[in-house]
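Structural overview for review
Chain residues, written in single-letter form:
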Amino acid sequence: MTSAPTLTEEERLLWLWSDNSPEALLGYMAQFLTVADERGRIVKLIPNPQQIRMAHDATGRDITVKARQTGTSTFKLAARFRRFTNGSVFGANCLIAADKDASTAKFREKIMHWFQDLNRHGFNFEFKKNNDQELLLDRFENRFIWASGEQKHIARSFSAQEVHLSEFGHWPVDTANELLG
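Cut-offs applied
- Residues numbered from 1 in each chain as written.
- Predicted model: local features only at pLDDT ≥ 70, side-chain atom pairs only at ≥ 80, totals over all residues.
- Heavy atoms only, no water.
- Pairing = 2+ DSSP bridges.
- Helix = DSSP H or I, 4+ residues; strand = E, 2+ residues; numbered from the N terminus.
- Axes fitted to C-alpha atoms, helices over the stretch in contact; angles between N-to-C directions.
- Contact = heavy atoms within 4.5 Å.
- Parallel < 35°, antiparallel > 145°, perpendicular 65-115°, else oblique.
- Left-handed = near helix turned anticlockwise from the far one by under 90°.
- Nonpolar A, V, L, I, M, F, W, Y, C, P; charged D, E, K, R; others polar.
- Phe/Tyr/Trp six-rings, centres within 6.5 Å; stacked < 30°, edge-to-face > 60°.
- Buried < 20%, exposed > 50% of the residue type's maximum accessible area, 1.4 Å probe, protein only.
- Lys NZ or Arg CZ within 6 Å of the ring centre and 35° of its normal.
- Salt bridge = Lys/Arg side-chain N within 4 Å of Asp/Glu carboxyl O.
- Polar contact = N/O pair within 3.5 Å; in protein donor to acceptor, adjacent residues only side chain to side chain.

1. What to know about the sheet that holds strand β3 (residues 93-98)
- Taken in spatial order, the five strands make up an open sheet running β4-β5-β6-β3-β7, and their pairing is mixed. The two strands at the open ends of the sheet, each matched to only one other strand, are β4 (127-130) and β7 (162-165). Averaged over all pairs of adjacent strands, the angle between their axes in this sheet comes to 10 degrees, without regard to strand direction.
- Most of the contacts of helix α4 (residues 72-85) go to β7, to which it runs at about 155 degrees, and overall it touches β3, β5 (134-137), β6 (143-148) and β7.

2. Description of the packing of α4 against helix α5 (residues 101-120)
- The contact between α4 and α5 brings their axes to 11 Å, and the two run at 50 degrees. The angle between α4 and α5 places the two elements in the oblique class. Between α4 and α5 lies a crossing whose hand is right-handed. Between α4 and α5, the contacting residues are S73, T74, L77, A78, F81 and T85 on the first element and F107, K110, I111, W114, F115 and L118 on the second.
- For the contact of α4 with α5, the per-class residue count stands at eight nonpolar, three polar and one charged.

3. Describing the packing of aromatic side chains
- Summed over the entire model, instances satisfying the criterion amount to 13 aromatic pairs.
- Ring centres 5.5 Å apart and planes at 70 degrees place the aromatic pair F115 and F125 in the edge-to-face group. Of this pair, F115 sits in helix α5 while F125 is found in the loop between α5 and β4, placing the two residues 10 residues apart along the sequence. With respect to class, F115 is no different from F125; both count as buried.
- An aromatic cluster of three or more residues is present, and its members are F81, F90, W114, F115, F125, F127 and F140.
- Of note, R82 hangs over the ring of Y28, and the distance from its end group to the ring centre comes to 5.5 Å.

4. A look at the pairing of β3
- With six of six residues buried, β3 lies mostly within the body of the structure.
- Burial of β3 is two-sided: the residues N93, L95 and A97 facing one way and the residues C94, I96 and A98 facing the other way are all buried.
- Summarising the sheet, β3 and β6 pair through six bridges and their orientation is parallel. Of the residues in β6, the one forming a bridge with I96 is W146.
- The pairing of β3 with β7 spans four bridges and is classified as parallel. Across the sheet, the residue bridging to A97 is L165, located in β7.

5. A closer look at the pattern of salt bridges
- Going through the model one piece at a time under the given rule, you end up with nine salt bridges.
- Note that K100 and D99 form a salt bridge whose closest N and O atoms lie 3.8 Å from each other.
- With a closest N to O distance of 2.2 Å, E134 and R143 form a salt bridge.
- Among the charged side chains, a network of salt bridges with common partners joins R80, R83 and E162.

6. What about the environment of N86?
- Tracing the backbone shows N86 in the loop between α4 and β3.
- When the C-alpha positions of N86 and W17 are compared, they lie 6.3 Å apart, and in sequence the two are 69 residues distant.
- With near-sequence residues (within four places) excluded, N86 lies in contact with W17 and S18.
- One polar contact links the side chain of N86 to the main-chain carbonyl oxygen of W17, over a distance of 2.8 Å.

7. Some thoughts on the packing of helix α1 (residues 9-18) against helix α2 (residues 22-32)
- Two elements in contact, α1 and α2, have axes whose closest approach is 7 Å; the angle formed by their N-to-C orientations is 105 degrees. One finds that α1 runs roughly perpendicular with respect to α2. Only E23, A24, G27, Y28, Q31 and F32 of α2 make contact with α1, whose side of the interface consists of R12, L13, W15, L16 and W17.
- For the contact of α1 with α2, the class distribution of residues is seven nonpolar, two polar and two charged.

Below you can see the structure in the form of structure tokens.
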């Protein structure tokens, strides 16, 4: 029986940053990203059992029906964040929308916090745009578009390659279909 080869620190970093395996994605989250715990303390993002299963079961066209406060949105946002910052996509748009403007603002804060996490690890990013409607990464031309079910229209004039809709069951019934159309 042979053992797995030992990776140098540089090889491990490359693996965490860009390998498509679920293990690399989960390792990236634990190595580089932090989140606030129930008490508001900043801790490493250590994937929980549900997030681990989601990493292994992902198809790329997933619709996740889930209970609240299970870390599902955090996991899905972290996976998108990794793809949009590691060079695997260029010129892509990611629509992130929740039922309320305030919830979307929290998602935006989380993404901005992760940019600070990467900065602490020596990975610096510059933005061409960074406001309440969008964040455009300079080198990759990847864009995060912020929206909510409270708006009159969302992502007008953009096609989204990735979409994260949160609390969709709580979006206004009379406008949800129009917003997504």
